[in-house]
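The residues making up each chain are set out below.
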Amino acid sequence: MKIRIKRFNKELNVDSQNEYEVLDSNLLKSLIYVKTKIDNSLSFRCGCKSGVCGSCAVRVNGIEKLACKTFINENDLIEPLRNSKVIKDLIIDVSHETSLIKSTSSYIDIKSNKQINQDNIKQIDLQSNCILCNSCFSSCPVYEVNRNFIGPFALTRALRYVNEAKLESNDKILANIQINGIWDCTLCSSCTLVCPQSIDPKADIMQLQNISVQKGFSNPNFQNFSLDFNDDFAGGFNPNGF
């Protein structure tokens, strides 16, 4: 079976596409085979090899996948994730996305005295399963054009701590996700479709929008939108046609 791998040489600042003959249909095993048996200069990340660390995420024929959980076909194209700087071959720089998580202050700073029950745990269980694989950032059309957009898994992490019963107040987190955050998402579901953990960042963002409104926040993109109906319809729509 032949696969194609898109490679990037930082020293020469050039992209190339190499074709390799592999023996296994599992993508990660094939990448390891290429590196150990054919070309030891090939670079990629991997960790647990069982789908829980997220480090081996790549694109297969344009769709974000975990290499360790993906079975390949003849002539598949393997590429690095999008919307991040490529360090070498299939390895991307994830430092910016990590900084976006930090910008939301999604952690416990002041603990509450509330007694924790199973319902509290269940409320944050799904979001806690995020493995930070960056597939959602790679697929996100908003992040593609706005690097300041806080982004899918950072907002999923924000919801996890907004719903954290051990946190005294979630006001700081909510305040930090209003600009370049929950209101900038187009709710296109691209992130949801590629999440290997079956998390729904779109639904998480919508929930954050609802909680924000309940806390007195509003969409800043609409703050300057108004019509003055008391000024002879100046600049607005005149239903009488004059």
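The structure we're discussing is the one just above.
A brief structural summary. Just so you know, these numbers come straight off a predicted model, no measurement behind them.

Cut-offs and rules
- Residues numbered from 1 in each chain as written.
- Predicted model: local features only at pLDDT ≥ 70, side-chain atom pairs only at ≥ 80, totals over all residues.
- Heavy atoms only, no water.
- Axes fitted to C-alpha atoms, helices over the stretch in contact; angles between N-to-C directions.
- Helix = DSSP H or I, 4+ residues; strand = E, 2+ residues; numbered from the N terminus.
- Parallel < 35°, antiparallel > 145°, perpendicular 65-115°, else oblique.
- Left-handed = near helix turned anticlockwise from the far one by under 90°.
- Contact = heavy atoms within 4.5 Å.
- Salt bridge = Lys/Arg side-chain N within 4 Å of Asp/Glu carboxyl O.
- Buried < 20%, exposed > 50% of the residue type's maximum accessible area, 1.4 Å probe, protein only.
- Phe/Tyr/Trp six-rings, centres within 6.5 Å; stacked < 30°, edge-to-face > 60°.
- Lys NZ or Arg CZ within 6 Å of the ring centre and 35° of its normal.
- Core = buried A, V, L, I, M, F, W, Y, C linked by side-chain atoms within 4.5 Å.

### What about the packing of helix α2 (residues 95-103) against helix α6 (residues 152-162)?
Step number 1: Where α2 meets α6, the axes come as close as 9 Å, and the angle between the chain directions of the two elements is 25 degrees. When the interaxial angle is binned, α2 and α6 end up roughly parallel. The two elements α2 and α6 meet at a crossing, and its hand is right-handed. Residues Glu 97, Leu 100 and Ile 101 of α2 form the contact with α6, whose own contacting residues are Phe 153, Ala 154 and Arg 157.

### Quick word on the pattern of salt bridges
Step number 1: Under the definition given, this model contains 9 salt bridges.
Step number 2: The partner of Asp 39 in a salt bridge is Arg 7, and the shortest N-O contact between them spans 2.7 Å. Of this pair, Asp 39 sits in the loop between α1 (27-38) and β3 (57-60) while Arg 7 sits in strand β1 (residues 2-9), placing them 32 residues apart in sequence.
Step number 3: Looking at Arg 7, the relative accessible area reads 7%, which means it is buried.
Step number 4: A salt bridge links Arg 59 to Glu 79; the shortest N-O distance between them is 3.6 Å. Placement of the pair is Arg 59 in strand β3 and Glu 79 in strand β5 (residues 77-79), with a sequence separation of 20 residues.

### Regarding the packing of aromatic side chains
Step number 1: Per the counting criterion, the structure on display carries 2 aromatic pairs.
Step number 2: Aromatic side chains Phe 137 and Tyr 143 sit 4.8 Å apart centroid to centroid with 75 degrees between the ring planes, which places their arrangement in the edge-to-face category. Comparing Phe 137 with Tyr 143 shows no difference in burial state: the two are buried.
Step number 3: Among the aromatic residues, those joined into a ring-pair cluster are Phe 137, Tyr 143 and Phe 153.
Step number 4: Geometry around Tyr 161 places Arg 160 over its ring, the cationic atom sitting 4.2 Å from the centre.

### Side note on unusual backbone geometry
Step number 1: At Leu 187, a position not held by glycine, the phi torsion is positive, near 55 degrees.
Step number 2: Note on placement: Leu 187 falls in the loop between α7 (171-176) and α8 (190-194).
Step number 3: Residue classification places Leu 187 among the partly exposed residues on the basis of a relative accessible area of 28%.
Step number 4: Phi is positive for Ser 198, close to 60 degrees, though the residue is something other than glycine.
Step number 5: Here Ser 198 shows up in the loop between α8 and α9 (201-214).

### Considering the nonpolar core
Step number 1: Ranked by internal contacts, the top residues of the largest apolar core, which has 29 residues, are Leu 155, Ile 177 and Leu 208.
Step number 2: Of all the secondary-structure elements, those providing two or more residues to this core are α2, α4 (135-139), α5 (141-145), α6, α7 and α9.
Step number 3: The dominant element in this core, judged by the number of residues it contributes, is α6, at 7 residues.
Step number 4: Residues contacting Leu 155, with those up to four places away along its chain left out, are Phe 149, Ile 150, Ile 177, Gly 181, Ile 182, Ile 205 and Leu 208.

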